[in-house]
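Chain by chain, the residues run as shown.
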Amino acid sequence: MSRTREGAGVPVPLLVPAALGVAFLVLPLLGLLVRTPWSELAGQLAEPAVGEALRLSLVSATLATALSLVLGVPLAWVLARSRARGRSVLRALVTVPLVLPPVVGGVALFLVLGRQGIVGSWLDDAFGITIPFTTAAVVIAETFVAMPFLVISVEGALRAADTRFEDVAATLGAGRWTTFRRVTLPLVAPGVAAGAVLCWARALGEFGATITFAGNFPGTTQTMPLAVYLALQRDPDAAIVLSVVLLAVSLATLLLLRDRWLGRTGAA
Amino acid sequence: MRTRALLVAALLALAGCTDPAQDGGGPAADGGATGTLTVFAAASLIDVFTELGARMEEEHPELDVRISYSGSSALATQLVQGAPADVFASADETQMARLEDAGLVTRAELFAANRLMLAVPADGSAGVTAPDGAGIPSLRDLVTGDPTMAVCAPEVPCGEAAAQVLRAAGLADVPDTYAEDVRSVLSLVELGEVDAGLVYVSDVHAAGDAVLAYAFSESARAVNRYPIAVPSGAPNAEAARAFVDLVLSDAGQAALADAGFQRP
């Protein structure tokens, strides 16, 4: 009840731009649905190339999220809790990929991990490992672009969390690692989950760094966004179908995870 | 922090929202072309058309020439979707036919031809054997191992040609990545990230010393012919016609020949 009354009280100067904002964000998605050749949908979906690209997208985005969790949660802890100097510089550096055009990220990855790159040439000489044009390169490109989303979310959750629980755990004799594992992590779990979802969604949509650094090969490096981009050059209807599939997968995942994991943040 | 990132993202998005053809031209007092001339050209034309565009601006001081280079099929899709271009120069006839089917082009003229070469990094390449000098080798003679190879995606003209020659040579499963246009293939070879790439003769001319290139016999099966046309509804049709005439003129043909293109 009280909520409806609040809604009615939205000032017009806020209501009009807000409504325009909604239209701006939702209309392109509606346009996609209106133009979808539904009769061709089944045929397009049966194409093995579509399944291949979708599977690769889901697998690589999930691996990129796992890698981001392993590296990003500790990094967020360092940013939120450590008192080391230069922390703000560190934070700025870590968030650069957020504002960097992903293509630039792809070029940078090439210069470091490519066959002629600083680290890549050593990997090639010492172990015979080359990264570009492999699924590993897709995961690396996606992690580079998506991990900052996770770090920022988890750092925010850590800052908002009540540190008195950690202090109490310490006075009860828990070491810092035990405190992190048993107290801090459960406390910020919703923040970690939200960050992981953001990270996964960003990784799923990654295009620029992937096509630049990982290349484009069906089954190995051609993820859904790349398939959409190239399909648009020859067969726009196929591109629309692929886009709708990607849209459905993203929406389904976000809704599913929101109910299961993020419900608590909504209620808080 | 996040708000600031979003703000930056929004500003970046807004900065990209400029209309490439806001002002069409009209006849100037002296009969020269004026306004903005928007040219959509295949990626392989980047060096020649940049030069011809500059020449055009010299001859018509009140004209501003803007050229968008990309894979021909990406450009054709943009045109079919209503992008306002005055001239479209495609790397094959298939993409021009898409515009003809859409009723956007009635008369296209051929102005150049191009064929593929095998490009390798100048400082060595695994899996590729240099020709012995006796006649033109086949692709099979050159690709002796399993090189990391980049070719164009089958969606773009150079990729269609690449698929044809690879099939003819029985090497269809050699490529490791399908780039979105021919200049991306060339970049990968120049960077040394691949051992070999299939690019046009004209790209090899542009690459200089970083790249070695070998001609091969199968390339004769897939010669791309380049058509050029003024789409209907071109905002600056007069300047467009002048540009097409320049490309077809002796001077334009000489510039194309210098860049490694053949006559159609």
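Relevant structure appears above.
Because the structure is predicted, anything quoted here is derived from the model rather than measured.

1. Side note on the overall build of chain A
Right, on to step 1. Across its full length, chain A holds 15 helices and zero strands.
Right, on to step 2. Relative to its 268 residues, chain A shows a buried fraction of 41%.
Right, on to step 3. Put simply, 73% of the contacts in chain A that link residues at least 6 apart link residues at least 24 apart.
Right, on to step 4. Surface summary for chain A: the accessible area is close to 14,600 Å², and the carbon and sulfur share equals 70%.
Right, on to step 5. Across chain A, the mean location of the 20 positive side-chain charges is 13 Å away from that of the 15 negative side-chain charges.

2. Remarks on the overall build of chain B
Right, on to step 1. Looking only at helices and strands, one finds 10 helices and 10 strands in chain B.
Right, on to step 2. Of all 264 residues assigned to chain B, the portion counted as buried reaches 50%.
Right, on to step 3. Accessible surface for chain B amounts to roughly 11,200 Å². Of this, 52% is attributable to carbon and sulfur atoms.

3. Side note on the pattern of salt bridges
Right, on to step 1. A full pass over the atoms with the stated rule returns 14 salt bridges over all chains.
Right, on to step 2. In this structure, glutamate 166 of chain A and arginine 81 of chain A form a salt bridge, with 3.0 Å as the shortest nitrogen-oxygen distance. A residue pair is termed long-range when its members are at least 10 positions apart, and glutamate 166 of chain A in helix 9 (residues 164–171) and arginine 81 of chain A in helix 4 (residues 48–81) qualify at 85 residues. Each member of the pair glutamate 166 of chain A and arginine 81 of chain A is classed as buried.
Right, on to step 3. Because the salt bridges share partners, they merge into one network encompassing Arg107, Glu109, Arg241 and Asp245 of chain B.

4. Here we look at the sheet that holds strand 4 (residues 109–114) of chain B
Residues and elements named next belong to chain B.
Right, on to step 1. In space, the five strands of this open sheet follow the order 2-1-3-10-4, with mixed pairing throughout. Two strands close off the open sheet at either side, each with one partner strand: strand 2 (63–70) and strand 4. Strand-to-strand twist across the sheet, computed as the mean angle between neighbouring axes with direction ignored, equals 20°.
Right, on to step 2. Looking at chain direction, strand 4 and strand 10 (residues 224–229) are connected through five bridges and run antiparallel. Across the sheet, alanine 113 pairs through a bridge with arginine 225, a residue of strand 10.
Right, on to step 3. Contacts from helix 2 (residues 46–59) reach strand 1 (35–42), strand 2, strand 3 (87–89), strand 4 and strand 10 within the one sheet, and its direction differs from that of strand 2 by about 170°.
Right, on to step 4. Where helix 9 (residues 237–248) meets the sheet, it contacts strand 1, strand 2, strand 3, strand 4 and strand 10, and its direction lies at approximately 45° from that of strand 4.

5. Examining helix 4 (residues 93–101) of chain B
All names here are of chain B.
Right, on to step 1. Of the residues making up helix 4, those classed as buried are Gln95, Met96, Arg98 and Leu99. Down the axis of helix 4, the smallest arc covering the buried residues is 145°, so these residues share one side.
Right, on to step 2. One side-chain oxygen at the N-terminal end of helix 4 lies 3.4 Å from the backbone nitrogen of threonine 94; it belongs to aspartate 92.
Right, on to step 3. Looking at the residues trailing helix 4, positive phi occurs at glycine 103, about 75°.

6. Focus: the side chain of asparagine 236 of chain B
Right, on to step 1. In this fold, asparagine 236 of chain B is placed in the loop between strand 10 and helix 9.
Right, on to step 2. Within polar-contact distance, the side chain of asparagine 236 of chain B engages the backbone oxygen of threonine 34 of chain B at 2.9 Å.

7. Topic: the pairing of strand 7 (residues 175–179) of chain B
All names here are of chain B.
Right, on to step 1. Buried residues dominate strand 7, accounting for four of its five residues.
Right, on to step 2. Taken together, the four bridges between strand 6 (residues 149–152) and strand 7 define a ladder with parallel strand orientation. Pairing of valine 151 across the sheet is with tyrosine 178, part of strand 7.

Cut-offs used in this document
Residues numbered from 1 in each chain as written. Chains lettered and ligands numbered in written order. Predicted model: local features only at pLDDT ≥ 70, side-chain atom pairs only at ≥ 80, totals over all residues. Heavy atoms only, no water. Helix = DSSP H or I, 4+ residues; strand = E, 2+ residues; numbered from the N terminus. Buried < 20%, exposed > 50% of the residue type's maximum accessible area, 1.4 Å probe, protein only. Contact = heavy atoms within 4.5 Å. Areas by Shrake-Rupley, 256 points an atom, 1.4 Å probe, with all protein chains shown as cover. Lys, Arg positive; Asp, Glu negative; His and termini not counted. Charge placed at Lys NZ, Arg CZ, Asp CG, Glu CD. Salt bridge = Lys/Arg side-chain N within 4 Å of Asp/Glu carboxyl O. Pairing = 2+ DSSP bridges. Axes fitted to C-alpha atoms, helices over the stretch in contact; angles between N-to-C directions. Arc of directions from axis to C-beta. Polar contact = N/O pair within 3.5 Å; in protein donor to acceptor, adjacent residues only side chain to side chain.

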